[in-house]
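# Coordinate analysis (summary)
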Amino acid sequence: MRALRKKQIVAMLLAGGQGSRLGILTSNMAKPAVPFGGKYRIIDFPLSNCVNSDIDTVGVLTQYQPLELNAYIGNGQPWDLDRNSGGVFVLPPYVKGKSGQWYSGTANAIYQNQIFVDQFDPKYVLILSGDHIYKMDYNAMLNYHIQKKAGCTIAVFQVPLNEAHRFGIMNAEENDRIVSFDEKPREPKSDLASMGVYIFDWPLLKKYMEADAGDPNSENDFGQNIIPNMLRGRERMFAYAFHGYWKDVGTIGSLWAANMDLLEEPPLLDLYDPSWRIYSRNPVMPPHYVSAGAKVERSFVTEGCEVYGRVQHSVLFAGARVDEGAEVYDSVIMPGARIRAGAKVYKAIIDERASIGRSCVVGDVLREGITVDNSLTGDITLVGYDMAIPDFASLPRGMVATRETLGYLYKKGGDEV
């Protein structure tokens, strides 16, 4: 294939995951397309990091429910990635010759797109995950990689040792050279968690991916296969310490917590820094409106919102509406959702276009005789996309409100539901 303009580095953003731990929020969209922070989506953060780091060629690898994500990315113009040379490219799985297959793992996704990377003839490739919220200078990491003469550099984030079992853990020498890697170890030896951000020498990575593709027992995964194989091959691998805000928002609890972090004083993640803008694609909407009788405290209220009731310590996305007499606390109200008069919403995520009926209570105390599956949500109540919750309904704390679960409540609770 004819090479395009040569690039020093190409970024490959893994955005095809199903995000099953986000439950109904990802039933119709890929995890990176999930709204965050009032006017953003999760994928805005790695894309903005690329632009701010002067990386202008990004492949976005999609697979699960890609339609909304593809439409959102478009030609890349909102992130200044509509370039004549480089830019952003959406890369779904495709048929090659007489065969084709889904991406079978993170490494296989890159392996299937070698031709895309090769056309830019880069020396380095940056691998990113599409489900993290953070601001990071990838160019500084690249300079570190070059300085260390590394074959692979892995960004690491220090976590509490008692939580290290939840992550892939890097064990490094005093010079930061990685000597071992443990995926979710029972007894961690280190507190350096992999962020899922890697820089590889491209020819070296191709060699290891080729060998991995020929192994029928491989899971074709960076953490499970490629990195351990490179360690066994005694390649030069280094840990790059990151000290800013970073959060994996792959669960209901972490997504809610990351939104709440924006409301701290000062915020744990600064979205107002002009030197490191977070870019996004947003519909053109009128300014938000807060009525004379409304009360809003420690909250994000995005353009197009209408607030007539009370909002406290919450994040409201574009076009959300809180009617007179309604109250919202510690919650995330996604685009176009409506909280009707007299409703009370406590510690909840209300998905796009959902409607909470008059005098409802969302996040209510669990009544006797009612059971709720809160394995994904904990004490956060989740109302699904385009759901209409009836007037005077009471949704127990931790409930996932779908048509099926509402039917169960009606059956158990009768008219009091």
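Structure: see above.
Presented here is an overview of the structure given in this document. Nothing here was measured: the structure is a model prediction, and the numbers come from that model.

Conventions adopted
- Residues numbered from 1 in each chain as written.
- Predicted model: local features only at pLDDT ≥ 70, side-chain atom pairs only at ≥ 80, totals over all residues.
- Heavy atoms only, no water.
- Helix = DSSP H or I, 4+ residues; strand = E, 2+ residues; numbered from the N terminus.
- Buried < 20%, exposed > 50% of the residue type's maximum accessible area, 1.4 Å probe, protein only.
- Salt bridge = Lys/Arg side-chain N within 4 Å of Asp/Glu carboxyl O.

A cis amide bond links glutamate 265 with the next residue in sequence, proline 266, at an omega value of -5°. Relative to the assigned elements, proline 266 resides in the loop between α8 (252-261) and β16 (289-290). With phi around 60°, aspartate 80 is a residue other than glycine that occupies positive phi space. Its location among the elements puts aspartate 80 in the loop between α2 (67-73) and β5 (87-91). The class of aspartate 80 is partly exposed, set by a relative accessible area of 39%. Not every positive phi belongs to a glycine, and lysine 184 is a case in point at roughly 50°. With respect to the helices, strands and loops of the structure, lysine 184 is situated in the loop between β12 (178-183) and β13 (192-201). You can call lysine 184 exposed: its relative accessible area is 52%.

When their charged atoms lie close together, side chains carrying opposite charge are able to pair. In the structure shown here, the tally under the stated rule is 21 salt bridges. Glutamate 352 is the salt-bridge partner of arginine 41, the closest N and O atoms lying 3.9 Å from each other. With a gap of 311 residues between them, arginine 41 in strand β3 (residues 40-41) and glutamate 352 in the loop between β27 (348-350) and β28 (355-356) connect regions that are remote in the sequence. Assessed through its relative accessible area of 10%, glutamate 352 is described here as buried. Put simply, arginine 83 and aspartate 80 hold a salt bridge, and the shortest N to O gap is 3.3 Å. In this structure arginine 83 comes out as partly exposed when scored by relative accessible area, which is 33%. Taken together, the shared-partner salt bridges in this structure form one network comprising Lys7, Asp56, Asp80 and Arg83.

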